[in-house]
Structure formats: structure tokens, C-alpha cells
Amino acid sequence: MQTSPGSNPWTPDELRRLVAWYAAMGVDAPLEEEPVDRLAARTAAAPPRAPGPATTPGADAVPATARRAPVAVPAAEAESLARTTAAAASTLDELRAALAAFEGCNLRLTATNLVFADGTPGSRVMFVGEAPGRDEDLQGLPFVGRAGQLLDRMLKAIGLARSDVYIANIVPWRPPGNRTPTPQETASCRPFMIRQIQLANPDFLVCLGGVSMRELFGTDGILRQRGKWRDYDTGTRTIRAMAMLHPAYLLRQPLHKRLAWRDLVALKAALDGAP
Ligand code: URA
């Protein structure tokens, strides 16, 4: 193909394949070449509003640049704001609304949707994963991608459906490129998760993977700790809790599915009343 200086040397087909390769590698969020001073952009993009009621749908809409501008909430302040905000919610619906309005975690700025929960609140079992991935971010529901489909099959293997359990994540927004959430991100979301467990009020809590286990049980070493029942104090009562291997890990290490099977059998036995 002839190209003039400065024109694109790639053919449309090459570009399509390049984009597909980026997507396969998890690069699905375009970033700009130059850093943007978003605090300045935010101030400039928010002129004083004219007085009067905003009755037209969308009249109150905040410009996209302002909506997506990060709010520089210091870590300690974000955590304490999260604690008071989460504690003030007296139902799961209120908690979801509080989380949707919470500005103390910048993951919300790159995410498409808040991923709060799926399944049935009040179920006897609650599963807590790490963070939404791409499919979850697009659908606004936890565990709907490949790992989620495996989780569905794992549940089915012990006679449970998604609607028989309640499912959430430690952080409710997708970290860009599916990276592990940072300690600051998990710390600012943790009070919401603690309150979500309290309000969902399950009899059994199952952490899926090491990040969830660290945040909720304060321990590391998922391969050693998985499958052990422990007490978990929800703040209103003590329930039984266990960590299992994360389904995404099981997709990469299928031989370890036998460990997950043991843990599922233990969960089923506990649900059936075994001591
Ligand atoms: N992995 C998680 O930890 N949570 C999801 O919702 C999906 C994948």
C-alpha cells in the first residue's frame, strides 16, 4: 500500500487485528498521551448553575469531564467517610445508593457500572470475590464472565443456583485492565463490604480468593487457609466462614479444582446441618 508522509501506514485489517490483540491482552481502556490536570478541568467545566428547578430530564446532567474528574480524597479521610456513609445505610438498597454516590474511591471513574451484587439477599450463603472484570463492568453484575460461569457450575454441583446465594465483591468497580485493587482502594471500599455482609445477614460467608480472604479474615496464604471453617463476627452475630480458591484461578490451574470440590462438599455439609 502507498502511504504519504504522516498518513497511517496500517491497513484497516491490520488495525482491526491490533485492536483485537490489545483487547485480548486486557488493554481495553484508552488513556491519553499527556497527563491531564483533572482538578483544573473539573473547576473549569463546572460553571455556576442558573437558578431555578431542573425539571427536564438531563437538565441536571454534569458534563462528562467533570463527572469523571478524580476527587483527591486523602486515604484516611476516604476510609472514615466510607465508615460513616456505610453505617448510615439501613437497607441494602440504601447501601447501594450510598456506594453509587461515594467519591472516596477513584475506581468509579474508569468503571462503566457499579457492580453491587447478584443473587438473593438474605440467602444462607454469601460469596465475596475480589473485583469485577470486563464482563461484570459492562453488565453491572458480579461473576458473569468466564470465572462466573465456572462459579455457576460449581454451585450447580452441590445443588445450588445463583438465586440460592448472594454474591458480591470486595471492590464494586472494575480496576482498569483487571489489575489487583490497591490497598488504598480496598481500604476505602471495605466498610461498605462489612456493612453489606451485615445487612445481607448470611449464615455462611465464603471468600473467593486471596484478596477477599485478606480483606475479610486478615490472613494471607490462600492455598494453606482455604477450606478451613472459622468464625466471622458480622458485628451483630457470629457466623461460619471459609475461603475457597477463586474460580479465575481454577480456570488457570484446573488441577486445583479437586481442592475446590472438597470445599464445596464441606459447604454443602454445613448447609445440610453438619456441625
Ligand atoms: N472475579 C471477581 O473476583 N469478581 C467478579 O465479579 C468477576 C471475576
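I will try to describe carefully the structure that is included in this document. (Residues numbered from 1 in each chain as written. Predicted model: local features only at pLDDT ≥ 70, side-chain atom pairs only at ≥ 80, totals over all residues. Heavy atoms only, no water.)

**Overview of the overall build of the protein**
(1) Moving on: Looking only at helices and strands, the protein features 13 helices and 6 strands.
(2) Moving on: Within the span of the protein, comprising 275 residues, buried residues form 38% of the whole.
(3) Moving on: Of the contacts formed within the protein by residues at least 6 apart in sequence, a portion of 72% connects residues at least 24 apart.
(4) Moving on: Just so you have it, the protein exposes about 15,300 Å², and 55% of that area is on carbon and sulfur atoms. (Helix = DSSP H or I, 4+ residues; strand = E, 2+ residues; numbered from the N terminus. Buried < 20%, exposed > 50% of the residue type's maximum accessible area, 1.4 Å probe, protein only. Contact = heavy atoms within 4.5 Å. Areas by Shrake-Rupley, 256 points an atom, 1.4 Å probe, with all protein chains shown as cover.)

**Digging into the packing of aromatic side chains**
(1) Moving on: This structure, assessed with the given rule, holds 4 aromatic pairs.
(2) Moving on: For the ring pair Trp-21 and Tyr-22, a centre distance of 5.8 Å and an interplane angle of 50 degrees mean the geometry is tilted.
(3) Moving on: Directly above the ring of Trp-229 sits Arg-240, whose terminal nitrogen or CZ lies 4.7 Å from the centroid. (Phe/Tyr/Trp six-rings, centres within 6.5 Å; stacked < 30°, edge-to-face > 60°. Lys NZ or Arg CZ within 6 Å of the ring centre and 35° of its normal.)

**Brief notes about the pairing of strand S6 (residues 238-244)**
(1) Moving on: In terms of residue burial, S6 counts as a mostly covered element, since 5 of its 7 residues are buried.
(2) Moving on: Bridge analysis of strand S4 (residues 204-208) against S6 gives 5 bridges, and the strand direction is parallel. Each bridged residue has a counterpart across the sheet, and for Cys-207 the counterpart in S6 is Ala-243.
(3) Moving on: Here strand S5 (residues 230-233) pairs with S6 via 4 bridges, running antiparallel. For Asp-233, the partnering residue across the bridge sits in S6 and is Thr-238. (Pairing = 2+ DSSP bridges.)

**Digging into the site of the ligand**
(1) Moving on: The ligand sits among Gly-129, Glu-130, Ala-131, Pro-132, Glu-136, Pro-142, Phe-143, Asn-169 and His-246.
(2) Moving on: Note that a nitrogen atom of the ligand is positioned 3.0 Å from one of the backbone N or O atoms of Ala-131.
(3) Moving on: In the environment of the ligand, a nitrogen atom lies 2.8 Å from a nitrogen or oxygen atom belonging to the side chain of Asn-169.
(4) Moving on: Burial of the ligand by the surrounding chains reaches 92%, relative to a free accessible area of 240 Å².
(5) Moving on: Tallied by class, residues from the shell around the ligand come to 4 nonpolar, 3 polar and 2 charged. (Near = heavy atom within 4 Å. Polar contact = N/O pair within 3.5 Å; in protein donor to acceptor, adjacent residues only side chain to side chain. Nonpolar A, V, L, I, M, F, W, Y, C, P; charged D, E, K, R; others polar.)

**Quick word on a nonpolar patch on the surface**
(1) Moving on: The grouping of Trp-21, Tyr-22, Met-25 and Val-27 at the surface amounts to a nonpolar patch, some 430 Å² of accessible area in total.
(2) Moving on: Within the secondary structure, Val-27 is located in the loop between helix H1 (12-24) and helix H2 (38-44).
(3) Moving on: Its relative accessible area of 48% is what places Val-27 among the partly exposed residues. (Patch = residues over 30% accessible without salt bridge, like charges linked within 9 Å, V, L, I, M, F, W, Y side chains within 5 Å. Salt bridge = Lys/Arg side-chain N within 4 Å of Asp/Glu carboxyl O.)

**Digging into the pairing of S4**
(1) Moving on: With 5 of its 5 residues buried, S4 lies for the most part within the structure.
(2) Moving on: Here 4 bridges tie strand S2 (residues 125-129) to S4, and the two strands are oriented parallel to one another. Bridge assignment links Val-125 to a residue of S4, and that residue is Phe-204.

**Concerning the nonpolar core**
(1) Moving on: Met-126, Trp-173, Leu-205, Leu-216 and Phe-217 are the most contacted members of the largest nonpolar core, which totals 35 residues.
(2) Moving on: Sorting the residues of this core by element identifies helix H4 (75-88), helix H5 (92-101), S2, strand S3 (165-169), helix H9 (183-200), S4, helix H10 (210-217) and S6 as the ones contributing at least two each.
(3) Moving on: If one sorts the elements of this core by residue count, H9 sits on top with 5 residues.
(4) Moving on: Apart from the residues lying within four places of it in its own chain, the contact partners of Leu-216 are Val-128, Ile-170, Met-193, Ile-194, Ile-197, Leu-205, Cys-207 and Tyr-232. (Core = buried A, V, L, I, M, F, W, Y, C linked by side-chain atoms within 4.5 Å.)

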